[in-house]
Amino acid sequence: MSLRPRTLLIAALGGEGGGVLAEWIVSAALQAKLPVQATSVPGVAQRTGATSYYIEMMDEPAPEGLTPVLALVPVPGRIDYMISSEHLETARLLERGFASPERTVLISSTSRVYTTAEKMQMGDGRFDPERLDRLCHDLSHAYIALDLERLALDNGTVVSAPMFGALAAAGAFPFSREVCEAAIRAGGRGAEASLKGFAAAFTATRVALDQSADAPAPTQEPAPPSDALKKVVALGQGRCAEYQDEAYAELFLDRVRLLRDAAGSTEDPRQEHALEEGVRRLALWMAYEDIPRVADLKTRKERFTRIRRDAEMRDDQILHVVEYLKPGIEEIAAMLPPKLGNVLMRRAASGKETWPFGRGVNISTTGVTGYWTMRALAGFGRIRRSSLRFAEETAAIERWLAAMRQALQGSPAFAGALAELPRLLKGYGDTHLRGRANYAAIWDGIVMPALSSGQLEVVAPKLRQAIAAALADPEGKTLRRALA
Amino acid sequence: MAEVSFSKEIKLLKLGQGETFHGEGILAVTKALLQSGVTYVGGYQGAPVSHLLDVMVEAKDLMGELGVHVQACTNEASAAAMLGASIMYPVRGAVTWKSIVGTNVAADALSNLSSPGVMGGALIVVGEDYGEGASVIQERTHAFAMKSTMWLMDPRPNLPTIVRMVEKSFELSEASNAPVIMELRIRACHVRGSFTASDNIAPKISARELQKMPAEFLYDRLAHPPVTYKHEKLKFEVRMPAARQFIRDHKLNEIFDGTHNDVGLIVQGGLYNGLIRALQEIGLADAYGRTDIPILALNVVYPLVPEEITAFAAGRKAIAVIEEGQPEYIEHEIGAILRRADLNTVLHGKDMFLQAGEYTTEVLVNGLVKLLAQHLPSIDTSHGAGFARELSVLRGKAQAILAGPLPARPPGFCIGCPERPVFAALKLAEREVGKVHVSADIGCHALATFEPFSFGNSILGYGMSLASSAGVQGFSQKRPIAIMGDGGFWHNGLLSGVTSSLLNHGDQILVIMKNGYTSATGTQDVISTPQAEAREKAAGASTVDSDLTIENTLKGMGVKWLRTVNNYRVGDMRKTIVEAMRTPFDGLKVIIAEGECQLERQRRLRPIRAKLLGEGKRVVRERFGVDEDTCTGDHSCIRLSGCPTLTVKPSSDPLKTDPVAHVTNGCVGCGLCGANAHAATLCPSFFRAEIVSNPNWIDRAKAGLRRALTAGAA
């Protein structure tokens, strides 16, 4: 007689079918004549919130006259099997202490559904996946990592089906695979796809278990000798050639040479990093996004192929693409020669009517007119060198390059931070203006004084903090505090 | 609601004598109501009890057969008032809502109900929304039961007990002429279990068996002076003794004997399973509930039966009351009972367990270890004590690895939700008029209090936003904005907010989210829900504009400044908000934000689309996308949206380090991304893709021509 119920905890996001999974498990257990109880905190009707389902069952039918008393709330450290459809949600349960290294078989999807808090950051707000993985390893008895989302997508089903298959394969149930599959079939709608998803995850879990049993833990391959810089240079060269022409790529290489010379032949990894980062930012900066560039990228053949692929389109389906464009007067001015551009800018500054600029327009790039309109705009790229924006960017790049050279000679730490500064020059329209203003504020407030005083090493942390502050909030509150 | 099917649930409600019911707790309660022969059922939706009413409303045939009248009330006060039918007629009735909030709203009617008392059984099933997963203020229904002298059931959370207690509640109510409340915690409502069903009972007086004569005039049954003085006496001299007698005679409370008789545990029925699990953890109980420490499980937590308490406490060194939430009403009452009986048994409770917060197994284990160490030192509690240590080590390890808090994942607006664009517009409007005071409300729109919007300076209850901004407008330079859903508007907002503002010539702004349903509780209908024909015609489009009940009501009441805006036109919405902020018009300004609940639209659209696709017919699907090679990874778009399908992914450009924005294939093409791109001058990366399945020959010819004329690109 088993005196302890088997405990299962399921973590999912709202709308992923966690309720269906719980129902399958309950009906399979009932089929096997085992006492079972499931409960949940499904939260509100809306999607995307974290939810959990908790199931207890006995391994054998209850003796005559006895009924098991099953708990409704999962007990930390006392979960036998835990499965989660999302990596961060797994971590959330582990953080609360639900899994135990002595007992818990943990199956976690490695897929991520980023939280709003992570997505909305101006830079990269994603939680470090390595920490999630380490947590899963260290706080479970056995850890089976699967991409459950992929398994669901590939089999045309929702994630609950592969979750069921993975649990079955991991030995979470005191009944057979056939009983599980019968429960899915009894569930009716979508059973075929569910069964496929179940089977795929079942196999994947068995493979994962065999691997972890046979082989010692895979050791990290030693990283190959760093040719990262070479790679970035090659990428940058290609980018500039494709953006403008070969001569522009040559200009890029000349600028890289200047940085390299300034850096010298050092083995200091900080210096290497600063140089690599500097080259990366230089390439991105030189290939800045203006109207001709955007128009060019939007009318490339591979772009339409990508859209078809992302939308999982079949060949017999037809695609129309409509662009949402709202070029501001500054952006129009930017692609014109300085004289003409400045006239426009003055007009804008004087507050006069600037119609038709600054209006939202929808252009169909799959339509004949729209396509050729965009191609015509892309054609302005050929006179880019004589545009207002090009002159401005070139001047700014040159200033930054000179500063980088001084920094690379003086302080690798400062150079590393300064290399990152152009990261602030992002976006279009208001976003771009904000980035420029932040860049200028840091340049004037920190970079210039540091360069003239030569106190680079001391100021380096402050520069790094200011860049982080500029990316902390769009209102610039954090940056103002950092510069105060 | 129309788009959700409850056929499986309805089948369970039809089970007869001896058949086994497998299903959710709240559905078991529903079945138990029918087995008890209720004449009428009412209520107001809210997790975790929405299901009770939703299923009954859909089970028209079965209700018709039995003659049960079902009413989806417009608020809890209206539901509570329904129970007035049981004051003068021998009919059983039940109502349901989410507590504590629903009970607050119902309080007036409940007082007036329980003063005269009832003839037919009256049961109030409340979802005790407490602890993990709760969405309301953490207070206890217990206080209401005590103040109005209604009996309170808190059954052990297994289906046979819950069902038995529902049936007994009606008998108890009739035996003592008092209404009965049954509180069910969130997990108890959602627990999946089994019980053996009985036949449903068709009520003697019902929609089929009509009462011929109205009740006679009896002033004694009115909650009106001077008889209210008599009622108060009746409550304590007649009804409570009768209730206690019934509770004792029918053994509604249960004793589980143990072996260590020096200590006894008195537990709210709802916590019993958790207590057994905690005892197991210390090694004092087994999986079948056989315990070493004696337990008195209170399936009825109010009133207590003093004789039961003293009998249980007598001869023990100590008893502990395991009572969740605060204040500890039961413990206080037991203290008084023990003193009056001059029993010297030591009383424990909140001193051993947690004062505020959910009684999880962990809390119970820790409390029990303390209790036993003091009163039963011979028992080995090392296992229980080790449990706390083990967990603290585990959590410490997790903390060390994570090196910081995990990002929170609160619920958010659904994909394509029509309320999201309104807050995008409000965010943009603030760029023009500066920060505004936002009075938030209850409903889906309260999700705007989370990132990326973080709107809302106060929440004062369902439909209370406009009323709660009345004070603020009195001393604010800028007009406050109150947000309200159509659900909240009809629940309470119309009277508490609009009429009060009009009466006082308030200079306020009210935004009504006209999405057509009370969506947050599961898209139940409101009086302004679009008609079935309009919905059918609209398919996947919004059809809330087909109903003008809200507009006509407001106009009829004298609202002069009224604008209706399509939510997805972010620029228009922004302009209208700015206009409302700046207009010289002195008086209530109402913006109707129109956009039908996307959940309902998609539920309608999916089968239609599947059918067309299955028949090989032409179907156009729209979705938005982001060009990753023009996206610079600033994520401004996400800060104005928060849509689950607008996310980030690593850039496939090896030069870019920041993740780029990305629209997943779950996009329903609501249009917000495009509207935001225009209204906020975001970036040129957004595009709308129209995907034509099963194209006709015109589509194909056009596509061929386009390809030829665009150098094969398109």
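Quick notes on the rules
- Residues numbered from 1 in each chain as written.
- Chains lettered and ligands numbered in written order.
- Predicted model: local features only at pLDDT ≥ 70, side-chain atom pairs only at ≥ 80, totals over all residues.
- Helix = DSSP H or I, 4+ residues; strand = E, 2+ residues; numbered from the N terminus.
- Buried ≥ 20, exposed ≤ 12 C-beta atoms within 10 Å, placed from the backbone.
- Contact = placed C-beta atoms within 7 Å.
- Rg over C-alpha atoms; globule rule 2.2 N^0.38 Å.
- Pairing = 2+ DSSP bridges.
- Axes fitted to C-alpha atoms, helices over the stretch in contact; angles between N-to-C directions.
- Nonpolar A, V, L, I, M, F, W, Y, C, P; charged D, E, K, R; others polar.
- Domains from an automatic or database assignment.
- Parallel < 35°, antiparallel > 145°, perpendicular 65-115°, else oblique.
- Left-handed = near helix turned anticlockwise from the far one by under 90°.
- Arc of directions from axis to C-beta.
- Core = buried A, V, L, I, M, F, W, Y, C linked by C-beta atoms within 7 Å.
- pLDDT = per-residue confidence, 0-100.

A.B. asks: It is not clear to me how the overall build of chain A should be interpreted in this structure. Could you clarify?
C.D. replies: Looking only at helices and strands, chain A features 21 helices and 8 strands. The C-alpha extent of chain A, read off along each of the three principal axes, is 95 × 55 × 40 Å. Within chain A, the proportion of its 484 residues that are buried is 50%. Of all intrachain contacts in chain A linking residues separated by at least 6 positions in sequence, the fraction that spans at least 24 positions is 70%.

A.B. asks: I'm lost on the overall build of chain B in this one. Help?
C.D. replies: When helices and strands are tallied, chain B shows 27 helices and 26 strands. What you see for chain B is a C-alpha radius of gyration of 29 Å, in line with the 27 Å of a compact globule of 714 residues. Principal-axis analysis of the C-alpha atoms places the extent of chain B at approximately 95 × 70 × 60 Å. When burial is assessed residue by residue, chain B has 55% of its 714 residues classed as buried. Within chain B, counting contacts between residues at least 6 apart in sequence, those at least 24 apart form 78% of the total.

A.B. asks: I'm lost on the sheet that holds strand 9 (residues 254–256) of chain B in this one. Help?
C.D. replies: Residue and element names in this part refer to chain B. The 5 strands lie next to each other as 9-11-10-13-14, forming an open sheet whose pairing is mixed. A single partner strand is all that each edge strand has here, and the edge strands are strand 9 and strand 14 (346–348). Between one strand axis and the next, the sheet turns through 20° on average, direction left out of account. As paired strands, strand 9 and strand 11 (residues 295–298) are joined by 3 bridges and run antiparallel to one another. Paired with Ile-255 across the two strands is Leu-296, which belongs to strand 11. Against the sheet, helix 13 (residues 306–313) touches strand 9, strand 10 (263–268), strand 11 and strand 13 (318–322), its axis set at about 150° to strand 10.

A.B. asks: Got a minute to help me understand the interface of chain A and chain B in this structure?
C.D. replies: Interface size, as often reported, equals the accessible area lost upon joining of the parts. Contact residues are listed per partner, giving 101 residues for chain A and 97 residues for chain B. Taken together, the residues of the side of chain A that touches chain B break down into 50 nonpolar, 28 polar and 23 charged. For strand 7 (residues 318–325) of chain A and strand 26 (residues 686–693) of chain B, the ladder comprises 6 bridges, and the chain directions are antiparallel. By the bridge assignment for strand 26 of chain B, Glu323(A) is matched with Phe687(B).

A.B. asks: Hey, could you run me through the domain arrangement of chain B in this one?
C.D. replies: Residues and elements named next belong to chain B. Structurally, chain B comprises domain 1 (17–204 + 217–248), domain 2 (254–400), domain 3 (420–601) and domain 4 (618–709). Taking the mean C-alpha position of each, domain 1 and domain 3 sit 34 Å from one another. Domain 1 puts 9 residues into the contact, and the matching count from domain 3 is 9 residues. A per-class count over the side of domain 1 that touches domain 3 returns 3 nonpolar, 5 polar and 1 charged.

A.B. asks: Where do I start with the packing of helix 12 (residues 272–282) of chain B against helix 15 (residues 361–375) of chain B in this structure?
C.D. replies: Between two packed helices, what matters for the description is the angle formed by their axes and the separation of those axes. Residues and elements named next belong to chain B. Where helix 12 meets helix 15, the closest approach of the two axes is 9 Å, and the angle between their N-to-C directions is 55°. The angle between helix 12 and helix 15 places the two elements in the oblique class. Viewed along their axes, helix 12 and helix 15 form a crossing whose handedness is right-handed. Between helix 12, through Gly-274, Leu-275, Arg-277, Ala-278, Leu-279, Glu-281 and Ile-282, and helix 15, the contact on the second element is made entirely by Thr-361, Leu-364, Val-365, Leu-368 and Val-369. Among the residues making up the contact of helix 12 with helix 15, the classes are represented as 8 nonpolar, 2 polar and 2 charged.

A.B. asks: Looking at this model, I keep getting lost on helix 6 (residues 160–169) of chain A. Mind explaining?
C.D. replies: Each α-helix winds once per 3.6 residues, and so residues spaced three or four apart point in a common direction. With respect to burial, helix 6 of chain A is a largely interior element, 10 of its 10 residues being buried. A positive backbone phi angle near 85° is found at Gly171(A), which sits one or two residues after helix 6 of chain A.

A.B. asks: Looking at this structure, I do not really get the sheet that holds strand 12 (residues 300–302) of chain B. What am I missing?
C.D. replies: Each strand in a sheet pairs with its neighbour through backbone hydrogen bonds, running either in the same direction (parallel) or in the opposite one (antiparallel). All names here are of chain B. With mixed pairing, the 7 strands of this open sheet are ordered in space as 3-2-4-5-7-6-12. Looking along the sheet, the strands with just one partner apiece sit at the ends: strand 3 (69–72) and strand 12. Taken pair by pair, the neighbouring strands of this sheet meet at an average axis angle of 20°, ignoring direction. Strands strand 2 (40–43), strand 3, strand 4 (93–99) and strand 5 (122–128) of the sheet are contacted by helix 3 (residues 50–58), whose axis makes an angle of about 125° with strand 3.

A.B. asks: When you look at helix 13 of chain B in this model, what are you seeing that I'm missing?
C.D. replies: All names here are of chain B. Listed in full, the buried residues belonging to helix 13 are Glu-308, Ile-309, Phe-312 and Ala-313. The buried residues of helix 13 all sit within an arc of 120° when viewed along its axis, so they share a single face. Against helix 11 (227–249), strand 9, strand 10, strand 11, strand 13 and helix 14 (329–340) lie the buried residues of helix 13. In the segment just after helix 13, Gly-315 is the residue with positive phi, at about 85°.

A.B. asks: How do you make sense of the domain arrangement of chain A when you look at a structure like this?
C.D. replies: Along its sequence, chain A is carved into domain 1 (6–214), domain 2 (228–290 + 389–483) and domain 3 (291–386). In this structure, domain 1 of chain A and domain 2 of chain A have C-alpha centres spaced 46 Å apart.

A.B. asks: Before we go on, may I ask you to explain unusual backbone geometry in this structure?
C.D. replies: Note: most residues except glycine have negative phi, and most peptide bonds are trans. All names here are of chain B. Cis geometry marks the peptide bond from Gln-326 to Pro-327; its omega dihedral reads 5°. Mapped onto the elements, Pro-327 comes out in the loop between strand 13 and helix 14. Going from Glu-451 to Pro-452, the amide bond is cis rather than trans, its omega being 10°. Mapping Pro-452 onto the fold places it in the loop between strand 15 (438–440) and strand 16 (458–459). A positive phi is found at Lys-251, a non-glycine position, where the angle reads about 50°. Its location among the elements puts Lys-251 in the loop between helix 11 and strand 9.

A.B. asks: So what exactly am I meant to see when it comes to the nonpolar core here?
C.D. replies: The tendency in soluble globular proteins is for nonpolar side chains to be buried side by side. Ranked by internal contacts, the top residues of the largest apolar core, which has 306 residues, are Ala166(A), Leu167(A), Trp151(B), Leu275(B) and Ile322(B). Beyond its immediate chain neighbours, meaning those up to four positions away, Leu275(B) contacts Leu265(B), Val267(B), Ile295(B), Ile322(B) and Leu364(B). Residues Ala283(A), Ala415(A), Leu463(A) and Ile467(A) belong to the second largest nonpolar core, which totals 45 residues.

A.B. asks: Honestly, the packing of helix 17 (residues 420–433) of chain B against helix 23 (residues 570–582) of chain B in this entry has me stumped. Any pointers?
C.D. replies: Residues and elements named next belong to chain B. Two elements in contact, helix 17 and helix 23, have axes separated by 8 Å at closest approach and are oriented at 50°. The angle between the axes of helix 17 and helix 23 places the two elements in the oblique class. Here helix 17 runs over helix 23; the crossing is right-handed. Each of Pro-421, Val-422, Ala-424, Ala-425, Leu-426, Leu-428, Ala-429, Glu-432 and Val-433 in helix 17 lies in contact with helix 23, whose residues at this interface are Val-570, Met-573, Arg-574, Ile-577, Val-578 and Met-581.

A.B. asks: Help me understand the environment of Phe687(B), please; the structure alone is not making it clear to me.
C.D. replies: Here Phe687(B) shows up in strand 26. For Phe687(B), a count of 28 C-beta atoms within 10 Å puts it in the buried group. Considered as a pair, Phe687(B) and Val626(B) are 61 residues apart in the sequence and their alpha carbons are 6.3 Å apart. Residues in contact with Phe687(B), not counting those within four places in the same chain, are Val321(A), Val322(A), Glu323(A), Tyr324(A), Gly625(B) and Asp627(B).

A.B. asks: It is not clear to me how the confidence of the model for chain B should be interpreted in this structure. Could you clarify?
C.D. replies: In this model, chain B carries an average pLDDT of 95, and 99% of its residues clear a pLDDT of 70 or more. The ipTM value of the predicted complex is 0.93, and its pTM value is 0.94.

A.B. asks: Explanation requested: the pairing of strand 7 (residues 180–185) of chain B in the structure shown.
C.D. replies: Each regular strand carries side chains that alternate between the two faces of the sheet. All names here are of chain B. For strand 7, the buried fraction is high: 6 of the 6 residues fall into the buried class. Of the two faces of strand 7, the one lined by Val-180, Met-182 and Leu-184 and the one lined by Ile-181, Glu-183 and Arg-185 are each fully buried. Sheet topology note: the strand 5/strand 7 ladder contains 6 bridges and is parallel. Bridge pairing links Ile-124 to Ile-181 in strand 7. Examined bridge by bridge, strand 6 (residues 151–153) and strand 7 share 3 bridges and lie parallel to one another.

A.B. asks: For this particular structure, what's the right way to read the environment of Gly102(B)?
C.D. replies: Residue and element names in this part refer to chain B. Among the structural elements, Gly-102 can be located in helix 7 (residues 101–114). Judged by the 29 C-beta atoms lying within 10 Å of it, Gly-102 falls in the buried class. Spatially, the C-alpha atom of Gly-102 lies 30 Å from that of Gln-602, the residues being 500 residues apart in sequence. For Gly-102, the residues in contact, after removing those within four places along its chain, are Tyr-44, Gly-46, Glu-76, Trp-97 and Val-126.

A.B. asks: Help me understand the environment of Leu483(A) in this model?
C.D. replies: Residue and element names in this part refer to chain A. Examined against the element boundaries, Leu-483 turns out to sit in helix 21 (residues 477–483). Judged by local crowding, Leu-483 falls into the partly exposed class, with 18 C-beta atoms found within 10 Å. Considered as a pair, Leu-483 and Lys-462 are 21 residues apart in the sequence and their alpha carbons are 8.9 Å apart. The contacts of Leu-483, once residues within four sequence positions are left out, are Ala-441, Gly-445 and Ala-466.

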